[in-house]
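# Summary of the model geometry
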Amino acid sequence: MVKKASKNKMWGGRFSLDSSKLLQNVNSSIEFDYKLFEVDVEASIAHTQMLAHCKIITKKDSSLIISGLKRIRNQFQSGNFKLDKELEDIHMNIESKLQKDIGDTAGRLHTARSRNDQVATDLRLYIRKKNSHIADEITLLQIALTNKAEENYKTIMPGFTHMQTAQPITMGHHLLAYVEMLSRDKGRIIDCNNRLNESPLGSGALSGTSFPINRKMTAKTLGFDNPMRNSLDAVSSRDFVLETMSSIAICSVHLSRLAEEIILWLSDGFNFISLPDDLTTGSSIMPQKKNPDLAELVRGKSGRLIGSLITMLVVMKGLPLAYSKDLQEDKEPTFDALDNILLCLQSMTSMIKNMVPNIDNMNNASSRQFSTATDLADWLVQNLNIPFRSAHQITGEIVSKCIKDDMNLDKMELEVLKQFDKRITKDIYNVLNTEKSVNRKNSEGGTSPRNVKKSASYWKKRLKDEE
Ligand code: ARG
């Protein structure tokens, strides 16, 4: 007597029991992998065309399958596709719907294909598209930073080391530092796309297939550079996810640093910038508050983005070849990271565009804490030919005198300065104010307004090309 089979039409043949509810709950990925819908259909169409081209299925069946898939895509796009948890994942949801719509011919779609090469292909297509979007958003943020830098090429602010006032810098210089970091972030993301652009499709479950398929054809249709060379590698590698997650994590760390600075600059102690009301929030108890929640969330989200990378690294570690279901755990952290880095980039762009510098406050703060002391030491070296270490020592003593007398460096009497070295002349005052200090920082990559102006126009031109 033939045993009663499980209801599962995709793989139920050898089972006599249906999956338990618990298994269904743990096993099902449709709640999140529905995001692969579009790329799954795209890859299925390419696969079907190839099957017909290679005479593995008839032209007639191929047209029926493809028009069915396109109809399903329209239904999905108009919100009329019902996802069924019992059908596990997006691949089986689509195939089962096709079966309902066109009957048994649907069963030919999965010829010479496994969900293992299918999902690996889908994920590459999905990440590729998102990565280009991320690269575009990075460019928009770079443009916003460059414009703000250009407007503020000679706005003076304190530069910090150890979070202590160190030397005066220009705000434009500070903002352009992030343009540089973001440019490397973009390079990494583009690099991910270059490397992931190979097709796993046609690798089957793990060992390839006995059907006379044409992998070059599907690779080309889907915009991949070439088919992957090794079927085991193709179905089980996720280093393209790891690379993307790590590039995103690094970018999020850069955004988090900038967010932290925005938070500091907005704080009462600094008061360097303001943000418009529509980018800040209020407090439910303290009516006077205006809080930088948007910047705080960009800072906070770097935590989950770094978390996505760690999740993926740990999922992959210890996985033998080839496919194991652990790999289904790649999707949630990946989708979450891709969506959230986009949100962070967009948030940052709008804060940078709309921030208004409080130029006077920045300027005043930049002359506090003897910020031009290095300029004084340099003057001693350049004009009196004193070795830098001795100049450092003398300047330290002058600063100590200033602290004792509660006086700024540029307010010290020449007579008092002469007590430290009688060769000091009034020319020294030329380097003691912050404006003169930044103007003199003309070394390559230095903070002078002249350099910043040049840098900003370099970036404007370059970003126009990259747009
Ligand atoms: N939903 C699965 C995943 O995301 C698809 C591949 C299933 N393959 C299998 N052999 N059960 O990884």
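What you see is a predicted model, and the numbers here were worked out from it, not measured in a lab. (Residues numbered from 1 in each chain as written. Predicted model: local features only at pLDDT ≥ 70, side-chain atom pairs only at ≥ 80, totals over all residues. Heavy atoms only, no water.)

## Here's the deal with the pattern of salt bridges
Operational definition: Any carboxyl oxygen of Asp or Glu that lies within 4 Å of a side-chain nitrogen of Lys or Arg is treated as forming a salt bridge with it. Runs of E in the DSSP output that reach at least two residues are strands. Runs of H or I that reach at least four are helices, and both are numbered from the N terminus. Relative accessibility under 20% of the residue-type maximum defines a buried residue, over 50% an exposed one, and the middle range a partly exposed one, all with a 1.4 Å probe and only protein chains included.
On inspection of all chains with the given rule, the structure shows 24 salt bridges. Of the charged contacts in the structure, one is a salt bridge between K148 and E151, with a shortest N-O distance of 3.8 Å. Of this pair, K148 and E151 both sit in helix α6 (residues 115–151), three residues apart, which is roughly one turn of the helix. The buried category is assigned to K148, whose relative accessible area is 7%. Take E151: its relative accessible area is 56%, and that puts it in the exposed class. A salt bridge links R188 to D185; the nearest nitrogen and oxygen atoms lie 3.0 Å apart. Pair noted here: R188 and D185 are both in helix α7 (residues 171–196), with a separation of three residues, about one helical turn.

## A closer look at a nonpolar patch on the surface
Cut-off, in case you're wondering: Nonpolar side chains (Val, Leu, Ile, Met, Phe, Trp, Tyr) are joined into patches within 5 Å and like charges within 9 Å, using only residues with over 30% relative accessible area and no salt bridge. For the area figures, the Shrake-Rupley method with a 1.4 Å probe applies, and any residue is considered shielded solely by the protein chains shown.
On the surface, V253, I306, I310, L313 and V314 cluster together into a nonpolar patch covering about 390 Å² of accessible area. Here the nonpolar patch gets four residues from one element, more than from any other, and that element is helix α11 (residues 293–316). Here I310 lies in helix α11. On the basis of relative accessibility, which here comes to 44%, the residue I310 falls in the partly exposed class.

## Here we look at the nonpolar core
Note the cut-off: We call a set of buried residues a nonpolar core when its members are Ala, Val, Leu, Ile, Met, Phe, Trp, Tyr or Cys and they connect through side-chain atoms within 4.5 Å of each other. Here a residue-residue contact requires only that any non-hydrogen atoms of the pair lie within 4.5 Å.
Within the largest apolar cluster, 98 residues are counted, with the highest numbers of intra-cluster contacts made by I134, L145, I248, L255, I262, M348 and I352. The leading source of residues in this core is helix α10 (residues 239–266), at 13 residues. With residues near it in sequence (within four places) discarded, M348 still touches L141, L255, L258, A259, I262 and V298. One finds I398, V399, M412 and I424 within the second-largest nonpolar core, a separate group that totals 21 residues.

## With respect to the pairing of strand β2 (residues 164–170)
Our working rule: Any two strands are treated as partners once DSSP identifies two or more bridges connecting them.
Where strand β1 (residues 156–161) meets β2, six bridges bridge the pair, whose relative direction is antiparallel. Bridge pairing links T161 to Q164 in β2.

## Thoughts on helix α13 (residues 359–366)
Quick note on the threshold: It is the directions from the helix axis to the C-beta atoms whose arc is reported.
Buried within α13 are the following residues: M362, A365 and S366. Along the axis of α13, the buried residues cluster in a sector spanning 100°; they form a single face. Elements in contact with the buried residues of α13: β1, β2, α7, β5 (273–274), β6 (356–357) and α17 (434–440).

## Some points on the environment of V315
Looking at where V315 falls in the secondary structure, it is placed in helix α11. Among residues more than four places away in sequence, those in contact with V315 are D326 and E329.

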